[in-house]
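Each chain, written out:
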Amino acid sequence: MAKIKLEYIWLDGYFPTQNMRSKTKVEEHENFQGTIEELDNWSFDGSSTRQASGGSSDCLLKPVAIYPDPARRNGYLVMTEVLNADGTPHVSNGRATIEDEDDDFWFGFEQEYFIMDTRTQLPLGFPIGGYPAPQGMYYCSVGGKNTHGRLLVEEHADLCIDAGLNFEGINQEVASGQWEFQLFAKGAKKAGDEIWIARYLLDRLTEKHGYYIDYHPKPLGKDMDWNGSGMHANFSNSVLRTCGSKETYEKICEAFRPVVKEHIAVYGEFNDQRLTGDHETASIHDFSYGISDRGASIRIPIITVEKGWKGWLEDRRPASNGDPYKIAGRIIKTVKSANIS
């Protein structure tokens with residue numbers, strides 16, 4: 001029999017921005033295979049996470065995805081959904097609202113973030129009481145003058161790959177201390193699971209470096225002339241991947257126009273500070289789409305057009321602190337509403 005460390009990870013009840021919580025369950029297993037079927041539900045004190053009252057505080061954790069934990073001996077990362085004591089989905093459980101049971105929807109998320117120094121409370125590369133050189137030389141840069149945080153970013157990439165996530169890339173972003181990683185998954189729920197696990201690994205990694213991660217879409221303030229952080233959502237379903245029709249693409253894009261407020265409501269807190277119409281964003285008050293247009297709400301990739309209108313779309317509005325479950329769920333609902341004959 002071997003002792004197995006199971007790190008149960010869940011999202012709390014803080015609104016509108018949820019936080020990750022986790023705790024370790026140590027179990028004895030013989031020939032553990034690392035599958036969901038081998039795991040039981042667990043409980044936690046919901047009154048400490050804004051998910052229950054003190055008089056009836058138990059909430060349940062239902063395992064939905066499991067990955068090896070590359071940083072712990074005999075460790076596993078267990079993504080869970082929060083349930084009420086009666087087994088129904090908790091109101092904070094965005095994953096349970098996703099209508100993609102056949103995994104027809106594929107998502108590729110581009111997660112941007114700032115690495116912050118715990119000592120200065122500033123992004124890496126920012127001096128106390130001043131500013132670094134203006135943005136321009138930081139994007140995809142090389143060398144100690146403009147590149148800050150690479151050791152952390154490289155270690156995080158290795159952890160994600162070793163955990164079995166479908167990790168697709170990293171790059172430094174436009175502002176000093178700002179980075180991005182990309183993940184892709186077939187199935188909206190799996191895509192959300194992998195973003196949350198990747199965030200967990202990144203946040204936990206900062207504990208030994210004296211850093212923390214800021215997912216705020218505009219952590220330097222809304223009036224600062226620096227790019228904000230987003231989480232662009234690249235998405236497709238079987239229609240988008242195979243239709244070969246410009247008209248169909250335009251109908252799907254137009255389905256987003258009347259529900260702008262519904263999308264913005266789940267695309268992340270403080271997104272109004274980022275979606276100004278500047279810094280490669282569309283205005284939060286408008287809706288637009290265009291081929292290869294990074295200033296549009298939805299970009300139609302040039303590759304999609306070159307392949308005869310077979311491919312995917314990119315919603316550029318989600319903020320870096322958005323919940324991928326809620327973002328995917330809302331996109332799926334809108335795509336399904338499109339009037340396609």
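In what follows, the structure referred to is the one given above.
What you see is a predicted model, and the numbers here were worked out from it, not measured in a lab. (Residues numbered from 1 in each chain as written. Predicted model: local features only at pLDDT ≥ 70, side-chain atom pairs only at ≥ 80, totals over all residues. Heavy atoms only, no water.)

What follows deals with the packing of aromatic side chains. Enumeration according to the criterion identifies 14 aromatic pairs in this entry. Ring centres 6.2 Å apart and planes at 50° place the aromatic pair phenylalanine 287 and tyrosine 289 in the tilted group. Residue phenylalanine 287 is classed as buried on the basis of its relative accessible area of 10%. The class for tyrosine 289 is partly exposed, based on a relative accessible area of 23%. Grouping aromatic residues by their ring pairs yields a cluster made of Phe107, Phe109, Phe235 and Phe256. Cation over ring: lysine 23 sits above tryptophan 42, and NZ or CZ is 4.1 Å from the ring centre. The cationic tip of arginine 199 hangs over the ring face of tyrosine 215; the distance from NZ or CZ to the ring centre is 5.2 Å. (Phe/Tyr/Trp six-rings, centres within 6.5 Å; stacked < 30°, edge-to-face > 60°. Buried < 20%, exposed > 50% of the residue type's maximum accessible area, 1.4 Å probe, protein only. Lys NZ or Arg CZ within 6 Å of the ring centre and 35° of its normal.)

Now for the sheet that holds strand β1 (residues 2-11). Within the open sheet, the five strands sit side by side as β2-β1-β5-β4-β3. Their pairing is mixed. Strands with a single pairing partner mark the edges of an open sheet, and in this sheet they are β2 (20-29) and β3 (42-45). On average, each strand axis in the sheet is inclined to that of its neighbour by 40°, with strand direction left out of account. In the sheet, β1 pairs with strand β5 (residues 75-83) via five bridges, with the strands oriented parallel. Bridging across to β5, leucine 6 finds its partner in tyrosine 76. Its contacts with the sheet place helix α2 (residues 188-206) against β1, β2, β4 (58-68) and β5, and it is angled at close to 120° to β5. (Pairing = 2+ DSSP bridges. Helix = DSSP H or I, 4+ residues; strand = E, 2+ residues; numbered from the N terminus. Axes fitted to C-alpha atoms, helices over the stretch in contact; angles between N-to-C directions. Contact = heavy atoms within 4.5 Å.)

What follows is about the environment of glutamate 207. Structurally, the position occupied by glutamate 207 is in the loop between α2 and β10 (211-214). Along the backbone, glutamate 207 and serine 341 are 134 residues apart, and their C-alpha atoms lie at a distance of 53 Å.

Ranked by size, the top nonpolar core spans 64 residues in total, and within it Met79, Phe107, Tyr113, Leu313 and Ile331 carry the most contacts. No other element matches the ten residues that α2 contributes to this core. Beyond its immediate sequence surroundings of up to four residues, isoleucine 331 is in contact with Phe107, Ala233, Phe235, Phe256, His263, Tyr267 and Asp315. Ranked by size, the runner-up nonpolar core spans 13 residues in total, among them Ile4, Phe44, Leu61 and Ile66. (Core = buried A, V, L, I, M, F, W, Y, C linked by side-chain atoms within 4.5 Å.)

Our next topic: the pairing of strand β11 (residues 231-236). Where burial is concerned, most of β11 is hidden: six out of the six residues are buried. Residues of β11 alternate between two faces, with Met231, Ala233 and Phe235 on one and His232, Asn234 and Ser236 on the opposite face, all of them buried. Bridging between β11 and strand β14 (residues 313-315) involves three bridges; their strand directions are antiparallel. Note on β14: the bridge partner recorded for alanine 233 is aspartate 315.

Here we take up the packing of helix α1 (residues 150-162) against α2. Each pair of packed helices can be summarised by the angle the axes make with each other and by the distance between the axes. Between α1 and α2, the least distance of the axes is 10 Å, while the angle of their chain directions is 135°. Of the possible angle classes, the one that applies to α1 and α2 is oblique. Read as a crossing pair, α1 and α2 show a hand that is right-handed. Within the contact between the two elements, α1 uses Leu152, Glu155, His156, Leu159 and Cys160 and α2 uses Ala198, Leu201, Leu202, Leu205 and Thr206. Split into classes, the residues belonging to the contact of α1 with α2 amount to seven nonpolar, two polar and one charged. (Parallel < 35°, antiparallel > 145°, perpendicular 65-115°, else oblique. Left-handed = near helix turned anticlockwise from the far one by under 90°. Nonpolar A, V, L, I, M, F, W, Y, C, P; charged D, E, K, R; others polar.)

Bringing helix α4 (residues 246-255) into the picture now. Those residues of α4 that sit buried are Thr248, Tyr249, Ile252, Cys253 and Ala255. Projected down its long axis, α4 carries its buried residues within an arc of 155°, all on one side. Along its buried surface, α4 packs onto α3 (238-242), β12 (289-291), β13 (298-300), α6 (302-306), β14 and α7 (324-337). The N-terminus of α4 is capped by serine 245, whose side-chain oxygen sits 3.3 Å from the backbone nitrogen of glutamate 247. (Arc of directions from axis to C-beta. Polar contact = N/O pair within 3.5 Å; in protein donor to acceptor, adjacent residues only side chain to side chain.)

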